[in-house]
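One-letter residues, chain by chain:
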Amino acid sequence: MLPDVQNLIALQNADREILRLKDEIAALPRRVAAIEQKLAGTRKALEDAKNAIKTGDAARRKYETAIQDQQQKISKYRDQSLEVKTNEQYKALMHEIQFAEQDIRLNEDKILELMVNAESREKDVKAAEAELKAEMAEIEKEKAEARQRTAEDEEQLAQWNAKRDTARAGVNPDLLRQYDRVAKYRGTGISEARDQKCMACQVMLRPQTYNEVRAATQVVACDSCQRILYHDPSHDRPADPAIVNKRRRAHPKFESSQAWYYRPSHGDEGELFLVFINGKGESSRRIYECGAGRKLGDTLVREGEYRLAFPEDLSDAIRLNGHWEESEIEEWENELPTNTLDLLHRDLDLARAEAATPARTHAKSEAVPSEHTAAS
Ligand SMILES: [Zn+2]
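Residues numbered from 1 in each chain as written. Predicted model: local features only at pLDDT ≥ 70, side-chain atom pairs only at ≥ 80, totals over all residues. Heavy atoms only, no water.

Considering the environment of valine 301
And step 1. Take valine 301: it is sitting in strand β7 (residues 295–303).
And step 2. Along the sequence, valine 301 and asparagine 278 sit 23 residues apart, while their C-alpha atoms lie 9.7 Å from each other.
And step 3. Those residues within four positions of valine 301 in sequence are excluded, and the remaining contacts are Glu282, Ser283 and Ser284. (Helix = DSSP H or I, 4+ residues; strand = E, 2+ residues; numbered from the N terminus. Contact = heavy atoms within 4.5 Å.)

Describing the sheet that holds strand β3 (residues 228–230)
And step 1. Overall, mixed pairing links the 3 strands, which are arranged β2-β1-β3 in an open sheet. Each edge of the open sheet carries a strand with a single partner, namely β2 (197–198) and β3. (Pairing = 2+ DSSP bridges.)

Describing the confidence of the model for the protein
And step 1. In this model, the protein carries an average pLDDT of 87, and 91% of its residues clear a pLDDT of 70 or more.
And step 2. Averaged pLDDT values over the elements of the protein bottom out at 43 in helix α9 (residues 371–375) and peak at 96 in β3.
And step 3. Every residue in residues 361–376 scores below 50 in pLDDT, and together they form 16 contacts with partners more than four places removed in sequence or on other chains. (pLDDT = per-residue confidence, 0-100.)

So, the sheet that holds strand β5 (residues 272–278)
Sheet strands pair via backbone hydrogen bonds, and the direction of the pair is either parallel or antiparallel.
And step 1. Judged by pairing direction, the sheet is antiparallel, and its 5 strands sit side by side in the order β7-β6-β5-β4-β8 without closing on themselves. Each end of this open sheet is capped by a strand with a single partner; those strands are β7 and β8 (318–320). Neighbouring strand axes in the sheet, compared pairwise and without regard to direction, differ in orientation by 25 degrees on average.
And step 2. Across 3 bridges, the pairing between strand β4 (residues 258–263) and β8 is antiparallel. By the bridge assignment for β8, tryptophan 260 is matched with leucine 320. (Axes fitted to C-alpha atoms, helices over the stretch in contact; angles between N-to-C directions.)

Digging into a negative patch on the surface
And step 1. Judged by side-chain charge, Glu325, Glu328, Glu331 and Glu333 come together as a negatively charged surface patch.
And step 2. Relative to the helices and strands, glutamate 328 is located in helix α7 (residues 326–332). (Patch = residues over 30% accessible without salt bridge, like charges linked within 9 Å, V, L, I, M, F, W, Y side chains within 5 Å. Areas by Shrake-Rupley, 256 points an atom, 1.4 Å probe, with all protein chains shown as cover. Salt bridge = Lys/Arg side-chain N within 4 Å of Asp/Glu carboxyl O. Lys, Arg positive; Asp, Glu negative; His and termini not counted. Charge placed at Lys NZ, Arg CZ, Asp CG, Glu CD.)

Here's the deal with the pattern of salt bridges
And step 1. Counted under the stated rule, the structure contains 22 salt bridges.
And step 2. The partner of glutamate 142 in a salt bridge is arginine 31, with the nearest N and O atoms 2.9 Å apart. Placement of the pair is glutamate 142 in helix α2 (residues 87–169) and arginine 31 in helix α1 (residues 3–81), with a sequence separation of 111 residues.
And step 3. Look at glutamate 142 and you get buried, because its relative accessible area is 14%.
And step 4. Residue classification places arginine 31 among the partly exposed residues on the basis of a relative accessible area of 42%.
And step 5. Between arginine 307 and glutamate 305 there is a salt bridge, and its shortest N-O distance comes to 3.7 Å. (Buried < 20%, exposed > 50% of the residue type's maximum accessible area, 1.4 Å probe, protein only.)

Some details on the side chain of serine 283
And step 1. Here serine 283 shows up in strand β6 (residues 282–289).
And step 2. By relative accessible area, which is 2% here, serine 283 ends up buried.
And step 3. The residues contacting serine 283, other than those within four sequence positions of it, are Ile277, Asn278, Leu300, Val301, Arg302, Gly304, Glu305, Tyr306, Ala309 and Phe310.

Comments concerning the coordination of the zinc ion
And step 1. Within the protein, Cys198 (SG), Cys201 (SG), Cys222 (SG) and Cys225 (SG) serve as the donor atoms for the zinc ion, at 2.3 Å.
And step 2. In this structure, the zinc ion is coordinated by 4 donor atoms arranged in tetrahedral fashion, with angles at the metal of 103 to 117 degrees.
And step 3. In terms of primary sequence, the donors binding the zinc ion are separated according to C-x2-C-x20-C-x2-C. With cysteine 201 in the loop between β2 and α4 (207–215) and cysteine 222 in the loop between α4 and β3, this pair connects stretches of sequence that are 21 residues apart.
And step 4. Look at cysteine 222 and you get buried, because its relative accessible area is 1%. (Donors = N, O, S within 2.8 Å, 3.2 Å for Na, K, Ca; no water. Tetrahedral: all angles 85-135°; square planar, octahedral: opposite > 155°, others 65-115°.)

Details of the pairing of β4
And step 1. In terms of burial, β4 is a largely internal element, 6 of the 6 residues being buried.
And step 2. Burial along β4 is two-sided: the face carrying Gln258, Trp260 and Tyr262 and the face carrying Ala259, Tyr261 and Arg263 are both buried.

Regarding the nonpolar core
And step 1. Core analysis: the biggest nonpolar cluster contains 15 residues, and Trp260, Phe273, Tyr288, Ile329 and Leu336 have the highest contact counts within it.
And step 2. In this view, tyrosine 288 contacts Trp260, Glu271, Leu272, Phe273, Val275, Gly293, Arg294, Lys295, Leu296, Ile329, Trp332 and Leu336; residues no more than four positions away in its chain are not counted. (Core = buried A, V, L, I, M, F, W, Y, C linked by side-chain atoms within 4.5 Å.)

What to know about helix α3 (residues 173–186)
And step 1. Taking 1.5 Å of rise per residue, the 14 residues of α3 would be expected to cover 20 Å, and the 20 Å separating its terminal C-alpha atoms lies within 8% of that figure.
And step 2. Taken residue by residue, α3 has Leu175, Leu176, Gln178, Tyr179, Val182 and Ala183 as its buried positions. The buried side chains of α3 occupy one side of the element, clustering within an arc of 160 degrees when seen end-on. Residues of α3 that are exposed and angled more than 90 degrees away from the buried face: Pro173, Asp174, Arg177, Lys184 and Tyr185. (Expected span 1.5 Å × (residues − 1). Arc of directions from axis to C-beta.)

So, the packing of α1 against α2
And step 1. Look at α1 against α2: their axes get within 5 Å of each other, and the N-to-C directions meet at 165 degrees. Judged by the angle between their axes, α1 and α2 are roughly antiparallel. Where α1 crosses over α2, the two elements pack in a sense that is left-handed.
And step 2. Class assignment for the residues of the contact of α1 with α2 results in 38 nonpolar, 12 polar and 32 charged. (Parallel < 35°, antiparallel > 145°, perpendicular 65-115°, else oblique. Left-handed = near helix turned anticlockwise from the far one by under 90°. Nonpolar A, V, L, I, M, F, W, Y, C, P; charged D, E, K, R; others polar.)

Let's talk about unusual backbone geometry
And step 1. One non-glycine residue, glutamine 196, lies in the positive phi region at around 70 degrees.
And step 2. Its place among the elements puts glutamine 196 in the loop between β1 (190–194) and β2.

Quick look at the environment of lysine 110
And step 1. If you trace the backbone, lysine 110 turns up in helix α2.
And step 2. Given a relative accessible area of 38%, lysine 110 falls into the partly exposed group.
And step 3. Along the backbone, lysine 110 and glutamate 64 are 46 residues apart, and their C-alpha atoms lie at a distance of 9.9 Å.

What follows is the structure, given as structure tokens:
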């Protein structure tokens, strides 16, 4: 990998970490403030509950005074009743007494009601006090944690800033400007190229661009998003030799009336699948697109067995497993069926993985080794 690109990857990591740490440092006081606000709410609720009790107590005293007043009145009326001269006067006093007693009962009812309310208010106060206590403990804990986390973050931030400076110093200034410009608008300035794609914008790269990125001899940017591209060979498919060892591939028979091949390129065309079929004194060739399975051109027939008839097609070809009746192939017409295409791709992956694994590629039990060895 180019040192410039390596430094840009380091720079992107540093930029991302710096952003995350700054966000976290900014978020901590906001969290504390949110708890403090909740705390203020609980304090207010406690205050309200206490005030409600005070108001209730005052009202109760007022009703009690009213009852005493009425009792005094009643006792005064009773004294007067002993001295009245007429029946009417007596009746009037009795009426006043009745009225006062009624008023006393009304006040007593109100006091009872206040007492019931007071009980639930006491509960409110107790609950609010407990809540306040818990919240105050929590906020102290949060504050301590926030202080500690902030200190740690600040320390990490200083380290990442130093890494960032080092990385920036290691990049060509023009390239750095391009990175900064793209990062400013897109958030990131460098992207991995994998499976022919730019992983940041997910757009397919032109084969030439992809090959240039893989070759890593010059800096290449994505045509679509302008991010600088890099390639990580460890992410290439097929990468896992364990899979190959588990699923050993059957090697295609050397002598066969039908032979399938893969070619990475063919003139102007891209990747291809080819099938050759030997007939009586002649052989045929059909070509299909590797991706979509579309048939390219007409079936070509030449004299002689295919290996002799189409030598130019076999130079950089990979022999694959696969055999279908010629009549069936004829019926496919202009497109490979999906399952056929899948089988060819799977065998191609296995063949490539096998080629990438140094041991066990050519097992001793193999009567005929691979096509390549045989042809060369
Ligand atoms: Zn892109």
